[in-house]
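In case you want the letters, here they are:
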Amino acid sequence: MAGEKVESLGTREMDPFAREVARKAKGFMAEEEGLRLYELAREGARLGPVLEVGSYCGKSSIFLGCGVREVGGRLVCLDHHRGSEENQQGQPWHDEELWDEKVHAMDSVGELRRNLRIAGLEGNTVLLVTTTEVAAPLWTAPLGMLFIDGGHTFRAAHGDYEAWSDRLLPGGILAIHDLFPDPDEGGQAPIEVYRRAVASGEFEELEPTLTLGALRRKK
Ligand code: MG
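The model shown is predicted, which means the values in this text are computed figures rather than measured ones. (Residues numbered from 1 in each chain as written. Predicted model: local features only at pLDDT ≥ 70, side-chain atom pairs only at ≥ 80, totals over all residues. Heavy atoms only, no water.)

Visitor: Give me the side chain of Asn124: which residues, what numbers.
Guide: With respect to the helices and strands, the residue Asn124 is situated in the loop between α4 (109-118) and β5 (125-128). Judged by relative accessible area, which is 8%, Asn124 ranks as buried. Not counting residues up to four positions away in its chain, the partners in contact with Asn124 are Gly65, Val68, Arg69, Gly73, Arg74 and Leu75. (Helix = DSSP H or I, 4+ residues; strand = E, 2+ residues; numbered from the N terminus. Buried < 20%, exposed > 50% of the residue type's maximum accessible area, 1.4 Å probe, protein only. Contact = heavy atoms within 4.5 Å.)

In C-alpha cells form, the structure reads like this:
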C-alpha cells in the first residue's frame, strides 16, 4: 500500500560515528535518503543478504551496512569501480582523486574499503568488484533487499533490474535511487525502472524519501 511505513521503524538510531563517516564520504546521496536506506536494510537483512548495485565510495553502503549489521546480516557491494558515465574524465562528476594514472582509469574501490573499515563494516560486507553482467549468472542466494544505484543509462538501469529483481524474496525490499519525475531535474532511467516494477504487480509501494523510491515484494 502506498505510503505505508516500514514496520521495523522504531526509536533506534544509527551509530553516530558511522553516520559521520558516511556524511564525509564522497558520493551523491542526501543524508535523509541514507537514513531511510538504513531503516530499509534493517528490515530486508532479516530475510537475506542486501545487495547494493553501484557502491562508488561507500556513502550509501555505510547506511545500508549499519542496518545490516544490527540484525547480523550481510551486505554485498557490487561495483566495477571504474566509474559511471558521468564520472569519467571531462564529465561533470569526475573526481581527479579517484583517477589511477597508471592504468588510465577510474578506481573507487580503495576509497570504498577505507570507508567501510573506518565505519567498522568490513566484517559483514562482501565486495564484488565487477559488473552485473559478470556477477549475476554466478549468484544463487535469494536477496532480502536490492538497492539499484548503478549506471544511469536506460540499458544499465534496466539491466540491473532484470538481472537481480527476480532474486528478491517475498517481503524483500527493492530500493531505487535518483527518481526524478521532472525530466529537467534528472535522467529518466531510474524512474522508468521504478514504474516498471510497480507495473509488474509484484511489488507494493512504500513511502519515498526525496529521490529514493522503495517497494516491497508481495508475499
Ligand atoms: Mg544515486
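Visitor: Please set out the packing of helix α2 (residues 31-44) against helix α3 (residues 59-70) residue by residue, giving values where relevant.
Guide: Close contact between α2 and α3 brings their axes to 7 Å; oriented N to C, the two are set at 30 degrees. Relative to α3, the element α2 lies roughly parallel. Considering only the axes of α2 and α3, their crossing is right-handed. Between α2 and α3, the residues in contact are Glu31, Gly34, Leu35, Leu37, Tyr38, Ala41 and Arg42 and Ser60, Phe63, Leu64, Cys66, Gly67, Val68 and Glu70, respectively. Tallied by class, residues from the contact of α2 with α3 come to eight nonpolar, three polar and three charged. (Axes fitted to C-alpha atoms, helices over the stretch in contact; angles between N-to-C directions. Parallel < 35°, antiparallel > 145°, perpendicular 65-115°, else oblique. Left-handed = near helix turned anticlockwise from the far one by under 90°. Nonpolar A, V, L, I, M, F, W, Y, C, P; charged D, E, K, R; others polar.)

Visitor: How would you sum up the coordination of the magnesium ion? Please name residues and give values.
Guide: Coordination of the magnesium ion by the protein is provided by Asp149 (OD), His177 (ND1) and Asp178 (OD), with metal-donor distances spanning 2.1 to 2.3 Å. Look at where the donors of the magnesium ion fall in the sequence and you get D-x27-H-D. (Donors = N, O, S within 2.8 Å, 3.2 Å for Na, K, Ca; no water.)

Visitor: Account for the environment of Val193, naming residues and giving values.
Guide: By secondary structure assignment, the location of Val193 is in helix α7 (residues 189-199). Sequence spacing of Val193 and Ile176 is 17 residues, and the spatial spacing of their C-alpha atoms is 8.2 Å. Apart from the residues lying within four places of it in its own chain, the contact partners of Val193 are Ala157, His158, Tyr161 and Ile176.

Visitor: Could you give an account of the environment of Phe63, naming the residues involved and the relevant values?
Guide: Mapped onto the secondary structure, Phe63 falls in helix α3. The class of Phe63 is buried, set by a relative accessible area of 2%. Between the alpha carbons of Phe63 and Tyr161 there is a distance of 21 Å; along the sequence they are 98 residues apart. Ignoring any residue separated from it by four or fewer positions in sequence, one finds Phe63 in contact with Met14, Ala22, Glu31, Gly34, Leu35, Leu37 and Tyr38.

Visitor: Could you give an account of the confidence of the model for the protein chain, with specific residues and numbers?
Guide: Chain-level statistics for the protein chain give a pLDDT mean of 94 and a share of 95% at 70 or above. Every residue in residues 1-11 scores below 50 in pLDDT, and together they form 25 contacts with partners more than four places removed in sequence or on other chains. (pLDDT = per-residue confidence, 0-100.)

Visitor: With reference to specific residues and values, describe the sheet that holds strand β7 (residues 168-176).
Guide: Taken together, seven strands build an open sheet; the order of strands is β5-β2-β1-β6-β7-β9-β8 and the sheet is mixed. One side of each edge strand has no neighbouring strand; the edge strands of this open sheet are β5 and β8 (203-205). Neighbour-to-neighbour, the strand axes of this sheet turn through a mean angle of 20 degrees, independent of strand direction. Pairing analysis gives three bridges linking β8 to strand β9 (residues 213-217), with the strands arranged antiparallel. Residue pairing across strands places Glu204 opposite Arg216, the latter belonging to β9. (Pairing = 2+ DSSP bridges.)

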